[in-house]
Each structure stands twice: as structure tokens, then as C-alpha cells.
Number of protein chains: 2
Amino acid sequence: MLSTMPHTPLRIRRLLEHGATRHGTAQVTTATETGVVSASYADVAQNAARLARALRDLGVHRGDRVATLMWNNQQHLEAYYAVPTMGAVLHPLNFRLPPDVIAHIANQAEDRVVIVDASVLPMFEGLLPMLRTVRHVIVNGEDADRPSARRVSWHGYAELIASQPAVYPWPDLHEDQAAAVCYTTGTTGAPKGVVYSHRSVYLHATSVSLPGHFALSHAERMLAVVPQFHVLAWGLPYAAFLTGMQLAMPGRFLAAQPLVDFIGAVRPTKAAGVPTVWQSVLDHIAADPARHAEICSLQEIVVGGSACPPSLMRAYEERHGILMLHAWGMTETSPLGSISRPPADVDSAAAWRYRLSQGRFAAEVEARLIGAHGEPLAHDGQTVGELEVRGPWVTASYFKDQGEDKFHDGWLRTGDVGSITADGYLTITDRLKDVIKSGGEWISSIELENLLMTHQDVLEAAVIGVPDEKWGERPLAVVVPRDQHAPVDTAALRDHLAELLPSWQVPRLWAVVGSLPKTSVGKFDKVALRELHAKGALETSAAA
Amino acid sequence: MLSTMPHTPLRIRRLLEHGATRHGTAQVTTATETGVVSASYADVAQNAARLARALRDLGVHRGDRVATLMWNNQQHLEAYYAVPTMGAVLHPLNFRLPPDVIAHIANQAEDRVVIVDASVLPMFEGLLPMLRTVRHVIVNGEDADRPSARRVSWHGYAELIASQPAVYPWPDLHEDQAAAVCYTTGTTGAPKGVVYSHRSVYLHATSVSLPGHFALSHAERMLAVVPQFHVLAWGLPYAAFLTGMQLAMPGRFLAAQPLVDFIGAVRPTKAAGVPTVWQSVLDHIAADPARHAEICSLQEIVVGGSACPPSLMRAYEERHGILMLHAWGMTETSPLGSISRPPADVDSAAAWRYRLSQGRFAAEVEARLIGAHGEPLAHDGQTVGELEVRGPWVTASYFKDQGEDKFHDGWLRTGDVGSITADGYLTITDRLKDVIKSGGEWISSIELENLLMTHQDVLEAAVIGVPDEKWGERPLAVVVPRDQHAPVDTAALRDHLAELLPSWQVPRLWAVVGSLPKTSVGKFDKVALRELHAKGALETSAAA
């Protein structure tokens, strides 16, 4: 029996039109070199129409890829709406990757146009000669020093759109058509492209906004610290137009001092980003406690991208009354997989246990745990296996790459290892590749890191498995002291762990470093650490 | 360019599986003859599987209609999940309609099975002989007095499902397949069937749950006063499993006294229903102020189905600290069209103006105003026209009835007349058929009613247009005095209106009655009032 309901496509166009009219006075506020700049969603929509016209005039057709090398700002938001709504495909590039990796990604995606922030031009100069398919470069901001390149036309963003009409005949697209592509960062193998559809973007934006997830509405203002190149900024630009939530964009001013200034000026109620940024903000305010007042508008911070140290979550709540919400996701999952809001009616100790987990899955995300032999495992909060997921915003392949070893009977193999409780709360204990296989048992590198970072002398800690003749692998703990001028007593750190863990899990090998290598999205770079260790470049000691 | 995202269907099955596991301990609590009864969502899901097996054994196939004649209770919730998820079509019947109308609806829908609450059996006895397609009757509760009928098999709900396994091989349905059917109440012409799809139910449940709409999460408990036969209980049973929100079901105990007792026992945080129920609760507590404590768990009440008198909204907020949220919708719109949460950053006077409107539209619901000659009108908050809407949960036809005069170029003609502000807030001023056309101008019957009900002497008021030789139509105000034993001074009421309205809008004709006729869903029945007036059965007077 057929329904009488129409199959109205779920499209970004609808979000654009809804946000531009019913939330037309909502503001996106950007930190710039010359101060804070605001624009209404009605303005953004008009500029998106102008940009779409300009791109069409440059020869951008349906399905063509338009890349961005941009910070979080108003013009980037305009591209987020113009490009997919006109039927092209937005490709935010991660400019923190090495230029040869960016070039590999842009060439594989066959990007035709790049919109680049003027502040990124110095890096872009080395990149451009490697870009084989780019025909147009659009510079956002003052571009005194244009790199030169054959076969490429240069345009200024403001000049390009200025003379265009503020309306566009947006096409009627199929909801499964590509809207955007983001690449994995390639910490495990070559970067892979995940191509989001209009439908997946729409459904994800709605789910992200639910009260049990990010809880977004027109009563909120979101500080988007997560870069817009990181998994489509977690869907926040689309959730903003859906709900009327206002946006605060910090641009390139992500150091603690200017970021706290910006928060104080714009008064966001929520924020989202990777844990490392929040650690630097915390330290900044600890050094100047009067600055607490600058961030007191914040009520909730969603952290994801890597596991958040419990000490950081507790510090924000206890010192600043800000709730940090743990979320789990991947480029492949759009990214919302799960988020840690505790059940109702649990006491505060139990609530903390839930909050330190990666949280409960969104309804649309089916999840299972798989054992070493491919067998499904119990969701009992104890049994540990590899997490597999599927759902309408979980990718089923990669661009130009079936990625067959990444899928298992239609489920995405996440590469994450953990357990799931009977009521659906996920705890990630490690990456499959980072688990330390010691004498037939698994040791979680992340658990060791989190426990180390609860110690007052430790600023950051990363643990990797290093070869061991007897045990196969043993953990090596690499720590950054909180006080760079005081020696770190690794024996004391070892005793600290021995109180909390079985003795066979406690590292014997230690290294003290000034800083840890990080990936382009701020995670500890364990590949680099393993290479440093293999080259003998880490000075290790065996704690007694 | 194709996306790498799968086209995972949006199905009620996913809500069932998500709710049964990740929110398996959430409770549905029902008021029964023998006290409050609770069941977990895991229990509900197991019973849904048992019911689906039993229905399959009774010969229910994919697409077959399974009707319910039930109050809001746990077993009705089980049917809400079992029937659509097995591929059949749920058909909640409105047992407050006259039996011949119910029979007409059930026969047109070709209902094969009816699940009926034992308390509804006395009415059902007269109905059953008129049901031409029903082959099985399943009685929920003690059924001492079964009506007899040829060709119909009788079953007890509990006995029928008791021996069935608690799992079912739920089929993989297309998301556009029919999930449920509800009929319009037929206040304008014959009842018409609206057939909801799995997709429309899913998308609607998600949108209803957003913070800007009903704001539903696992931290809430919802008192569902809106009958489950009324537009699929506004989607609340599906939103509950999506979000983990708990449900409080009052059964047939909707009189103020037992309802307030139930609220006090179950402590819901939210409630939803038509305005008339809330007026009786307010009066009940006004008569016994100590009962305020029973309802103090309530924070928000969503009212819809008919316009809510401003005096009622103010009374709940001022006396009880409960926020009443105005919502607009129809059977044809699933029902969520709009809901009245004010913009952020407006003062309390402005917030009240927004709250008294029908609110802002959901993103998925496109809306336009159409003038007398079919032309689109401005959204300026002033211009009045007929509201037309479309979207993924707005019907595009009726069951066995294209309903062509109900649609206009693919838009649903709502029959509602009103204005829309530039920021998307809807104000309904009247039904197209209830507008009083006086001397070429329109007088809003609803505005007159709301102003009358702000007067202390008036309990309820309805205004209809009656023929007038000079003006075409003139308003007749029919009022129910608050104190049935005191005379009402209609001249004073007239003066009250004259202070607030242009004089040509003020009624000269008045009738005072003991009660107003109401439709099966609690709206003032103006068709019946017009008939009473035409028959001369209303005693009218002309106020001086």
C-alpha cells in the first residue's frame, strides 16, 4: 500500500531557503584581522547566490568539485551553501597537511576551483604547481602576493561576487547526489575520500541538533572551533540554518589569548572542537584567573576527534561550570556516531562514568562489536571488540576506491576497539592499530594516557607499543612535563599507574619530551612517535 | 557525481530497535482501572513482536489495515510499533465520532482487524454490524460482554500474544510504504484518509523532537493527553523511542480529577493536548489550590488542534509556572506545521506576541499565503490570505480520493486564513469557512472568541456568521457563562469588545447557552451551531 505522502527530497537547498528567511536575522560572526565582523543569514544566502553565479560563469558544472583552503569564516560558510546547492561538490581541504598530501588529495578529487584565504597564500605558493586540475583560484581577503602559475586564472572573492545578482535558479537535485567530499587524514594508509550526499548531510544536521545530542536551537550561539575542513565542521553550518542557531567563527585566531578575547566579545553559549584547543584555553585562564569572566557565557563544549582526558572535563566543570560532552565519530560517519549525555535519574558518580564514555549512539547509527574471528560480541559493557557501524550517514565506500578491507558485510570497520553497554553507551579503549599486544593480552594505550594525564606533573602523555622479544610488544610512555624546567620523576608516575592498573599493564619504558608530535587535526601522531623510536631519536629510560 | 553514502531507508523498524535496546529501560506508564501500570520499552518491543506474530497468524499481510479503537495505553503503543513494522498499516479510529461515521471510515479503509479496548465495547456493539471488512476483533482488557457478529472471530489481547515468541523477522520495507492511516474528522465534508509513510513518520518524529519544537530527550517524561487516534498522537510514540523520552498514558481517565491525580503520581515534565482539557485542569485546581503541587513537575505543555485562548496560556504561566506552547497542524501535516517559541533576545512583551502566534514553521514545511484570486501574498505580518503548505510529511493526496480541490499546484490548501511575518511566524486568524464576510470585509471569528474569553464572566465563546440582508453576514456570539447561576450582561461583553475592536466588527447578536457543542476532538462545532441557529433553536438577543 502506498502512502499519500510525497517523496520530497532532503536537500541543502531547503536548509538554505529556511535559514535565509525564517532565521534571516540570525548572525554569523567572524574574527578577522581588523576586528569582529557580522553578517545575517539573509546576507549569507544572498552571497551564496552570487558565488554560485560566479562559479557558473567560471564554467563550474553539476558534479564539479570546488575546493576550499579556508579558516572558519563567513565566506567559507557561503561556499558551504553555494557549492552543493548549485549542484557542484564542496571539497574543504585540510591545509595543515603537508603540501604533497594536499596535492594528492586535490588531484584525486579533480578539484576545478580553489577558494583560498589570503592568509593561506604563503603555503599555497608551494602547493599550486602540484595541482593538476585546478583552473581558477579565488582569493578571500587582501592578496598582495599572488603566486604565479600557468593555466590558472586568479580572482578576488569580493570582486568576483560583487556584480552578481543575489538570487540563483537553484536546481532540483536528487537527494542522493554528492554535496561535499572530505578526505580522511591518512593516519592509517593513503587518504580516502568520503562523499556526502544532500540526504546524508540533511539527516545528520537534524540529528546533531536533537536535545540528546548537541541540543541546537535559535536560542544558542555556537563557537565553531572545529575547523570547517574537519568532517564538514561536524555539520554545524547546516544545523545552524536548520535551527536558527547563530555561529561564531574564530577565523585563524585559535591561540588561547585571541580565542578567549573572541569568546568574551561574542558570548557563545556552546562550542565544539578537539580537546587540545580546550587544554590551551584552560591553561591560559589558569595563568590569569580574571579571564574566567570572558568564557562564562559558555554552557556546553562538545569535544571529539580524539578521546578527551577526564582531567580536562573535570577541570572545565569544576573551575568554570562548563559541561564538556564527549562525542565519537569519524570522517566516514559525518561525523556523529555517539555523544555522552548520561541517562536521566543517575547519581553524580554514575553520571561521570557515563560522561567519560563516548556516549550513546544516534538512532540512525547501528553498531556492533566484532571479535578477532569476525564473530559478533555481546553488548555487556565488558566484552571488547572492534566497533562496526552502518547507517544513512555512514559511508559504504570511498571515492574511486571501494576500500574493501574497510567494510565487513556492509558495515564500516571503524578501526576503533571498545565495549558497548546494554543501554548503548560506547567506550573506546583504543585504536586497533594502537592497542599494545603484550603476551597475548591487549593493553589500551588510551587508558594509560588518560591515567598519566591525571597526574599533576604531566601536561600530555602518549603511549605506543614497541617491539619486545619476550612479550611481543611492551608500552613506551612518552610524557610532556607540565613544568618544562623541573625534572619529571618517572618512577613516581609508574607508581601512580601501579595503584590503578594490573602490574603487567604498567610501562617500564619512559621518555620525557618537550612536546608531542600531532596530526593535522590535533591528535597525538603515534606514527611519528613510532618512527622517532625506531630511529633511536627518543631518549628512553627504564623506570625502576 | 554520486555520494558514497548508502540510501539507508528511514523506517519505524529502526526506531523500534533503537528504543528497545539503547532506551530499553525507559518506561511507558498507563493509568488503568486498577492503578498505574508500567512497562519498559524493551517489554513493549517484545510484545510488539508477539502481536505481529499473532496478526500474521490471523492472516494479516503486507499492506492490510489493522484498526484500533483504544485509549492512550501501553497496548496501543505496542500496536503502533507492531503493525507498521510488520508491513501492515495502522489505522487508529476516533471512537468519539458517531458510529455510522466510524463505520464509513473503517469500510473505506477496508480494516481487516480491530483491536478494541474493553471499555469501548458498549459503543462497539452498535458499530460492529456496520463493519463490512473486519474479520477479527481483539479485545484489550476484561471483556465480559462480547457483542456477537457473524463472520468475526474474537480474541483476547493478552491471551493472543501470550504464547508467541518475543522476536519477529521484521521485513525490509521501502521507506515510502504506508505505515499508518488517519482520517480527517470531516468537519468540512466527508472524512478523508491521510496515509503516512515510514519515511514521513520518521522525519516528523525527528523534527518534533528538536529543541526549537517539542524539545524531547531521554531526560523528559511526556504526558500524552492528545488521543492516540488524533494524527498518530502527534508522533509522540515514535519520538519516544527515537529519543528515549518516557511516556505517561492517561488511558480513559481524562476528567480533571483523575488526570491531576495521575500527573501527581507519574511526574511528567511535558504534556501535549487540545486546549479544552487544560481549561478543565485549570478550573479544577482553581477550585482546590492545594492541588497545584500535583502538577508542578510539568514545565511545558504543547497545545494544538485548535487555537488556545491567550487567557489560558497566561493563567498556566502566572499561576503554575508552566509554559504553554502553541502549535499549528492538521491531520494532513502529520501534524507538525509550526510551534510558537519566540526568537532569542526579545523582551517579555514581544515574546508574548510571538507566543500567541501559531509560531515558526519546521524547516521541512514550506508555506505560502494565497489571495482570493490565487496570487501569492507578502509575508509581512499584515497581509491575510489562505495558508498553503508542502513538505515531506504534508500529504499530496487522500486515500482513494485525489481531493483535487484541496490542492493547488502541489501545495495543500489548509483552509486556514492568516498572516506570516518576515521571520516565518504564522498567525491563524480563522478558518476560511468560519470567517465572517461582512460588507466586503472579513471578521475573524477566532479573534472575537479569544477576546470574549478574556472576560471574567465568560467560560467559553464561539462566534459564527449568520445571514444578514444588509451586510451579507454578521457575527453571532454564543457564550457560556462562567457562573451558570448568574445572569450574563451581554451589553457589558459588547462594551468589552468595543474597547478592543473597530465597531463594525462587534457582534450585535448574542446567545447565552449552558454549553457549546464540540467535535470529536474537542473543537467548537460551528457546523452544529449554524444548524441550531438555522432551526431557530438558539435564543438570541440583540445587545443594545
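Residues numbered from 1 in each chain as written. Chains lettered and ligands numbered in written order. Predicted model: local features only at pLDDT ≥ 70, side-chain atom pairs only at ≥ 80, totals over all residues. Heavy atoms only, no water.

A. View of the overall build of chain A. Looking only at helices and strands, chain A has 15 helices and 27 strands in total. By the compact-globule yardstick of 24 Å for 544 residues, chain A fits well, its C-alpha radius of gyration being 23 Å. Seen along its three principal axes, the alpha-carbon backbone of chain A occupies a region of about 70 × 65 × 45 Å. Looking at chain A residue by residue over its 544 residues, the buried ones come to 63%. For chain A, the share of sequence-separated contacts (at least 6 apart) that also reach a separation of at least 24 residues comes to 67%. If you sum the accessible surface of chain A, you get close to 19900 Å²; carbon and sulfur atoms cover 50% of it. Positive and negative side-chain charges of chain A, numbering 47 and 58 respectively, have mean locations separated by a distance of 5 Å. (Helix = DSSP H or I, 4+ residues; strand = E, 2+ residues; numbered from the N terminus. Rg over C-alpha atoms; globule rule 2.2 N^0.38 Å. Buried < 20%, exposed > 50% of the residue type's maximum accessible area, 1.4 Å probe, protein only. Contact = heavy atoms within 4.5 Å. Areas by Shrake-Rupley, 256 points an atom, 1.4 Å probe, with all protein chains shown as cover. Lys, Arg positive; Asp, Glu negative; His and termini not counted. Charge placed at Lys NZ, Arg CZ, Asp CG, Glu CD.)

B. Up close: the packing of aromatic side chains. All names here are of chain A. Within the structure shown, the criterion is met by 22 aromatic pairs over all chains. Taken together, a centroid distance of 5.3 Å and an interplanar angle of 75° make the contact between Phe 95 and Phe 229 edge-to-face. On the criterion of sequence distance, the pair formed by Phe 95 in the loop between strand 4 (89-92) and helix 4 (99-109) and Phe 229 in the loop between strand 10 (221-224) and helix 8 (236-243) is long-range, its members being 134 residues apart. Judged by relative accessible area, which is 9%, Phe 95 ranks as buried. (Phe/Tyr/Trp six-rings, centres within 6.5 Å; stacked < 30°, edge-to-face > 60°.)

C. Seen up close, a negative patch on the surface. All names here are of chain A. Residues Asp 457, Asp 483, Asp 489, Asp 495 and Glu 499 make up a contiguous surface patch of negative charge. Within the fold, Asp 495 resides in helix 14 (residues 490-500). On the basis of relative accessibility, which here comes to 49%, the residue Asp 495 falls in the partly exposed class. (Patch = residues over 30% accessible without salt bridge, like charges linked within 9 Å, V, L, I, M, F, W, Y side chains within 5 Å. Salt bridge = Lys/Arg side-chain N within 4 Å of Asp/Glu carboxyl O.)

D. View of the packing of helix 10 (residues 275-287) of chain A against helix 11 (residues 310-320) of chain A. All names here are of chain A. Contact pair helix 10 / helix 11: the axes reach a minimum separation of 11 Å and the direction vectors enclose 40°. Classed by the angle they form, the pair helix 10 and helix 11 counts as oblique. The two elements helix 10 and helix 11 cross, and the hand of that crossing is left-handed. The residues of helix 11 that touch helix 10, namely those facing Pro 275, Trp 278, Gln 279, Val 281, Leu 282, Ile 285 and Ala 286, are Leu 312, Ala 315, Tyr 316, Arg 319 and His 320. (Axes fitted to C-alpha atoms, helices over the stretch in contact; angles between N-to-C directions. Parallel < 35°, antiparallel > 145°, perpendicular 65-115°, else oblique. Left-handed = near helix turned anticlockwise from the far one by under 90°.)

E. Representation of the interface of chain B and chain A. Taken together, the contact between chain B and chain A spans 69 residues of the former and 69 residues of the latter. Roughly 5100 Å² of surface becomes buried between chain B and chain A when both sides are summed, with 61% attributable to carbon and sulfur atoms. At the junction of chain B with chain A, the criterion picks out four salt bridges. Glu 366 of chain A is the partner of Arg 14 of chain B in a salt bridge, and the nearest nitrogen-oxygen pair spans 3.9 Å. Between chain B and chain A we count 32 residue pairs in polar contact (both at pLDDT 80 or more) in total. Looking at the side of chain B that touches chain A, the elements with two or more residues in it are helix 1 (12-21), strand 9 (193-197), helix 7 (198-209), strand 16 (359-361) and strand 17 (366-370) of chain B. Across the side of chain B that touches chain A, the residue classes tally to 34 nonpolar, 22 polar and 13 charged. (Buried area = accessible area lost by both parts, 1.4 Å probe. Polar contact = N/O pair within 3.5 Å; in protein donor to acceptor, adjacent residues only side chain to side chain. Nonpolar A, V, L, I, M, F, W, Y, C, P; charged D, E, K, R; others polar.)

F. Examining the relation of the copies chain B and chain A more closely. Between chain B and chain A, the superposition needs a rotation of 180° and an axial shift of 0.0 Å, giving an RMSD of 0.0 Å. Expressed as an axis order, the relation between the two copies is that of a two-fold axis. The C-alpha atom lying nearest the rotation axis in chain B is that of Leu 210 of chain B; the distance is 2.5 Å. Mapped onto chain A, 100% of the interface residues of chain B again fall at the interface, so both copies present the same surface. (Least-squares fit on C-alpha atoms with pLDDT ≥ 70 in both.)

G. Up close: helix 10 (residues 275-287) of chain B. Taking 1.5 Å per residue as the helical rise, helix 10 of chain B with its 13 residues ought to reach 18 Å, and the 19 Å between its terminal C-alpha atoms agrees with that figure. Along helix 10 of chain B, the residues classified as buried are Pro 275, Val 277, Trp 278, Gln 279, Val 281, Leu 282, His 284 and Ile 285 of chain B. (Expected span 1.5 Å × (residues − 1).)

H. Focus on the environment of Leu 210 of chain B. Locating Leu 210 of chain B in the fold gives a position in the loop between helix 7 and strand 10 (221-224). Accessibility expressed as a relative area gives 5% for Leu 210 of chain B, which makes it buried. Here the alpha-carbon distance between Leu 210 of chain B and Ala 362 of chain B, two residues 152 residues apart in the chain, equals 9.6 Å. Those residues in contact with Leu 210 of chain B that lie beyond four places of it in its chain are Thr 206, Ser 209, Leu 210, Pro 211 and Leu 242 of chain A together with Ala 215 of chain B.

I. Structural view of the side chain of Thr 395 of chain B. Among the secondary structure elements, Thr 395 of chain B is positioned in the loop between strand 18 (385-390) and strand 19 (407-408). Residue classification places Thr 395 of chain B among the buried positions, given a relative accessible area of 2%. A distance of 2.6 Å separates the side chain of Thr 395 of chain B from the side chain of Thr 4 of chain A, its partner in a polar contact. Setting aside residues up to four positions removed in sequence, Thr 395 of chain B forms contacts with Thr 4, Met 5 and Pro 6 of chain A together with Val 194, Glu 332, Phe 407 and Leu 412 of chain B.

J. Expanded view of the confidence of the model for chain A. When pLDDT is averaged along chain A, the result is 94, and 98% of the positions lie at 70 or above. The ipTM, which scores confidence in the relative placement of chains, is 0.90 for this predicted complex, and the corresponding pTM is 0.90. (pLDDT = per-residue confidence, 0-100.)

K. Layout of the pattern of salt bridges. The final tally for this structure, using the stated rule, is 46 salt bridges over all chains. In this structure, Glu 175 of chain A and Arg 199 of chain B form a salt bridge, with 3.1 Å as the shortest nitrogen-oxygen distance. Of this pair, Glu 175 of chain A sits in the loop between helix 6 (157-162) and strand 8 (178-183) while Arg 199 of chain B sits in helix 7, on two different chains. For the pair shown, Glu 175 of chain A and Arg 199 of chain B are each scored as buried. Between Asp 283 of chain B and Arg 482 of chain B there is a salt bridge; the shortest N-O distance is 3.9 Å. Of this pair, Asp 283 of chain B sits in helix 10 while Arg 482 of chain B sits in the loop between strand 25 (472-481) and helix 14 (490-500), and the two are 199 residues apart along the sequence. Note on Asp 283 of chain B: relative accessible area 29%, which makes it partly exposed. Judged by its relative accessible area of 43%, Arg 482 of chain B falls in the partly exposed class. Here the residues in one salt-bridge network are Arg 11, Arg 13, Arg 14, Glu 17 and Asp 172 of chain A together with Glu 366 and Arg 390 of chain B, joined through shared partners.

L. Up close: the packing of helix 13 (residues 445-452) of chain A against helix 14 of chain A. Residue and element names in this part refer to chain A. For the pair helix 13 and helix 14, interaxial distance at closest approach is 10 Å and the crossing angle is 115°. For the element pair helix 13 and helix 14, the recorded crossing hand is right-handed. Of the residues in helix 14, those in contact with Leu 448, Leu 451 and Leu 452 of helix 13 are Leu 493, His 496, Leu 497 and Leu 500.

M. Molecular detail of the pairing of strand 10 of chain A. Residues and elements named next belong to chain A. Burial along strand 10 is two-sided: the face carrying Arg 221 and Leu 223 and the face carrying Met 222 and Ala 224 are both buried. In terms of strand pairing, strand 10 meets strand 11 (residues 246-249) through three bridges, oriented parallel. Bridging from a neighbouring strand, Arg 221 pairs with Gln 246 of strand 11. Viewed along the sheet, the connection from strand 10 through helix 8 into strand 11 turns out right-handed. Pairing analysis gives three bridges linking strand 10 to strand 12 (residues 270-273), with the strands arranged parallel. (Pairing = 2+ DSSP bridges. Right-handed = clockwise from strand over helix to strand, strands pointing away.)

N. Spotlight on unusual backbone geometry. All names here are of chain A. Residue Pro 335 follows Ser 334 across a cis peptide bond; omega there is 0°. Phi at Leu 232 takes a positive value of approximately 50°, unusual for a residue other than glycine. Within the secondary structure layout, Leu 232 lies in the loop between strand 10 and helix 8. The buried category is assigned to Leu 232, whose relative accessible area is 3%. Positive phi outside glycine occurs at Trp 234, with the angle close to 55°. Residue position: Trp 234 is located in the loop between strand 10 and helix 8.

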